[in-house]
Amino acid sequence: MDNFSLKSILGSPEPGQAGGQYPNTGPRAPDVAPQPVVQVLSPRGVEYVFLTIVLFTGSINLIAALVVLINGNIDFSVLAFPTAALLVTVPAFAWLFLRLKRAELANPQLALDPSKRRSTQFIKVVSFTTCLFTLIGFLFGFFIRIGGNYSGSFVKFFLDILVILVVAGGILAYYWVNER
Amino acid sequence: MSAKRGGSVVRNSLAKYRLGLAVLGLFTLIVFAVVLDQAGAHKQDAKTQKAANGIATKLNNYVNDQEKVPPSLAAAGIKDVPPSISYVKQSADIYDFCITYKSSSSGSGIVGAAQSFLSTGSFAGSDYSGYSDLEINPVYHQGKNCQLVNTGVSSINSSSTSSQTQTQAAQTPYVKNSDGTYTVCGVKTNYFENEGHVTRADTPPSASISLNATSGPFIGAYQLVLVSPASQVFDENCAPLQPTALQVGDTVDVFTITSPNANAVSILLKRSY
């Protein structure tokens, strides 16, 4: 079938001809490629963004719940929100993660999907930053402790730091290994 | 055939992830069970506090109208008192009002400490007294929360109603515990300090309270305005004194009070300048 377009029906106006609204600029230079002005995620890319949101929400509340439990505070008002968040995010994360993992195993090219890589790179940057500042905070707390200005339980403080490092570091390690 | 093998490979590859997610799900269920368990206690405490607020309003109105402390809540026309609330008339002016909570209004963490500080100006517990009206503190700790209310309706103690009681923690053998209470002479008390002012001093059975007003920012003698029955007095070295060594109205500098039997000790002090 022939190409069907308005140009093929109406034809192009000649230079200087009535109806020619634009000056003839001649043929397009071969080195000028079309630049996309609208960037959209791939269908799988949208699912990766969903996974990223669920992962961050779940991780933050997992850390919150663990820190609360480490500090021996099993109070209803303190635990209610993290629990609600975990009850929603853990099943949602499990479903999205397994669905995307299955798709990656079936189609290894999906690992190179730009939308997917954008999400995973963002996750890596955030988890790396979290680990970095957590370690800084730990050393700062340690210095405060040896300076005699920290009266709380250092074991609890250490366990709090450990929880953050395990969760954020685990996410960073997974995506670090997964993309190499 | 190859499709079947591919499906098996995918399943095997996902098995480790399924295991990790199952552990995460199990943890979530455990936390959920804890929250459900705490919710029952929280609901019960909310009911208790609502009842306590109603009782406090009626009790304050009764004392203001009748100018006397009722012998019991029933005598003040207050019915349907939950078992978690107790009322004991200590003297013509003073009564003890206790509420037992199943859980803490705020935990021991940063949030709880901040809430406690914003509400009471203290990181310690919620026991306080010395006011002429009963006020239900929205911040409370698990267990018994008591207030010793000095209404000042009779002439004996009328001078004590205008000022909040205050005294200084003991210099005698005592250790301030992390929860704000004190261990005196090796016995843990329910003695709380609130910004340097003793707002409540009471002990469990056979425990002690030591007070010292000879040094620190609150140097001065204190007038004892209440000692609960069956209390015993010790000196600053924990040596026992005669029970009659300290009487209501005495001006004191250093002393220790202990309960020799099943009765808790309650005292109320007014600083005398």
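Cut-offs and rules
Residues numbered from 1 in each chain as written. Chains lettered and ligands numbered in written order. Predicted model: local features only at pLDDT ≥ 70, side-chain atom pairs only at ≥ 80, totals over all residues. Heavy atoms only, no water. Helix = DSSP H or I, 4+ residues; strand = E, 2+ residues; numbered from the N terminus. Buried < 20%, exposed > 50% of the residue type's maximum accessible area, 1.4 Å probe, protein only. Contact = heavy atoms within 4.5 Å. Core = buried A, V, L, I, M, F, W, Y, C linked by side-chain atoms within 4.5 Å. Axes fitted to C-alpha atoms, helices over the stretch in contact; angles between N-to-C directions. Left-handed = near helix turned anticlockwise from the far one by under 90°. Nonpolar A, V, L, I, M, F, W, Y, C, P; charged D, E, K, R; others polar. Expected span 1.5 Å × (residues − 1). Buried area = accessible area lost by both parts, 1.4 Å probe. Salt bridge = Lys/Arg side-chain N within 4 Å of Asp/Glu carboxyl O. Phe/Tyr/Trp six-rings, centres within 6.5 Å; stacked < 30°, edge-to-face > 60°. Pairing = 2+ DSSP bridges. Parallel < 35°, antiparallel > 145°, perpendicular 65-115°, else oblique.

Participant: Mind showing me how you'd approach the overall build of chain B here?
Facilitator: Counting secondary structure elements, chain B contains two helices and 14 strands. In chain B, buried positions account for 47% of the 273 residues. Nonlocal contacts in chain B, meaning residues at least 24 apart in sequence, comprise 62% of its contacts between residues at least 6 apart.

Participant: Where do I start with the nonpolar core in this structure?
Facilitator: Where a protein is soluble and globular, its nonpolar side chains tend to be buried together. Within the largest apolar cluster, 32 residues are counted, with the highest numbers of intra-cluster contacts made by A:L51, A:F93 and A:F97. Of all the elements in the fold, those that place two or more residues in this core are helix 2 (43-70), helix 3 (76-106) and helix 5 (154-178) of chain A together with helix 1 (2-66) of chain B. Here this core takes eleven residues from helix 3 of chain A, the largest share from any one element. Excluding anything up to four places from it in sequence, A:F93 contacts A:L51, A:V54, A:L55 and B:L21. Formed by 19 residues, the second largest nonpolar core is a distinct cluster that contains B:Y62, B:V69, B:I99 and B:I136.

Participant: Explain the packing of helix 2 of chain A against helix 3 of chain A here, please?
Facilitator: Each pair of packed helices can be summarised by the angle the axes make with each other and by the distance between the axes. Residues and elements named next belong to chain A. One can describe the packing of helix 2 onto helix 3 by two numbers: an axis separation of 7 Å at closest approach and a directional angle of 145°. Where helix 2 crosses over helix 3, the handedness of that crossing is left-handed. Within the contact of helix 2 with helix 3, the residues separate by chemical class into 22 nonpolar, four polar and four charged.

Participant: What exactly am I supposed to notice about helix 5 of chain A here?
Facilitator: Because an α-helix packs 3.6 residues into every turn, residues spaced three or four apart end up facing the same way. End to end, helix 5 of chain A covers 35 Å across 25 residues, agreeing with the expected 36 Å (1.5 Å per residue, within 8%). In the core, the buried residues of helix 5 of chain A are packed alongside helix 2 and helix 4 (114-146) of chain A.

Participant: Hey, could you run me through the interface of chain B and chain A in this one?
Facilitator: How large an interface is tends to be reported as the accessible area lost when its parts come together. The partner chain A presents 25 residues to the 23 residues of chain B that form the contact. The largest contributions to the chain B side of the interface with chain A come from B:Y17, B:L21 and B:F27, which together make up 24% of the buried area. At the boundary of chain B with chain A, the tally comes to zero salt bridges.

Participant: Honestly, the pattern of salt bridges in this entry has me stumped. Any pointers?
Facilitator: Pairing between side chains of opposite charge can happen when their charged atoms approach one another. Residues and elements named next belong to chain A. For the coordinates displayed, the defined rule picks out four salt bridges over all chains. Across the salt bridge formed by R99 and E47, the nearest N and O atoms sit 2.8 Å from each other. Of this pair, R99 sits in helix 3 while E47 is found in helix 2, placing the two residues 52 residues apart along the sequence. Overall, E47 belongs to the buried group, its relative accessible area being 12%. A salt bridge links E104 to K116, with the nearest nitrogen and oxygen atoms 3.9 Å apart. Taken as a pair, E104 in helix 3 and K116 in helix 4 lie far apart in primary sequence, twelve residues in all. Owing to a relative accessible area of 13%, E104 belongs among the buried residues under this scheme. Judged by its relative accessible area of 2%, K116 falls in the buried class.

Participant: Before we go on, may I ask you to explain the packing of aromatic side chains in this structure?
Facilitator: The relation between two aromatic rings is expressed through the spacing of the ring centres and the mutual angle of the planes. Here the structure, examined in full by the defined rule, presents 13 aromatic pairs over all chains. Here the aromatic rings of A:F142 and A:F154 are separated by 6.2 Å at their centres, their planes lie at 55°, and the arrangement is tilted. With A:F142 in helix 4 and A:F154 in helix 5, the pair connects residues that are twelve residues apart, well separated along the chain. Their ring planes at 90° and their centres at 6.1 Å tell us that A:Y174 and B:Y17 sit as a pair that is edge-to-face. Of this pair, A:Y174 sits in helix 5 while B:Y17 sits in helix 1, each in a different chain. Note on B:Y17: relative accessible area 18%, which makes it buried. An aromatic cluster of at least three residues, connected via ring pairs, comprises A:F138, A:F142, A:F143, A:F154, A:F157 and A:F158.

Participant: What should I look at first to understand the pairing of strand 3 (residues 143-150) of chain B in this one?
Facilitator: The side chains of a regular strand alternate between both faces of the sheet. Residues and elements named next belong to chain B. Buried residues dominate strand 3, accounting for six of its eight residues. Judged from the eight bridges that link them, strand 2 (residues 94-101) and strand 3 form a sheet pairing that is antiparallel. Paired with C98 across the strands is C146, a residue of strand 3.

Participant: It is not clear to me how the packing of helix 4 of chain A against helix 5 of chain A should be interpreted in this structure. Could you clarify?
Facilitator: All names here are of chain A. The interhelical angle for the contact between helix 4 and helix 5, taken along N-to-C directions, is 155°, at an axis separation of 9 Å. One way to sum up the angle between helix 4 and helix 5 is to call them roughly antiparallel. Pair helix 4 / helix 5 crosses with left-handed handedness. Here the contact of helix 4 with helix 5 is composed, by residue class, of 17 nonpolar, eight polar and three charged.

Participant: Would you mind showing me how to read unusual backbone geometry here?
Facilitator: Trans is the prevailing form of peptide bonds, just as negative phi is the prevailing case for residues other than glycine. Residue and element names in this part refer to chain B. Phi at E67 takes a positive value of approximately 55°, unusual for a residue other than glycine. Here E67 is to be found in the loop between helix 1 and strand 1 (85-89). E67 sits in the exposed class, given a relative accessible area of 58%. Here D80, not a glycine, exhibits a phi torsion of approximately 50°, which is positive. Inspection of the secondary structure puts D80 in the loop between helix 1 and strand 1. Classification of D80 by relative accessible area gives exposed; the value is 78%.

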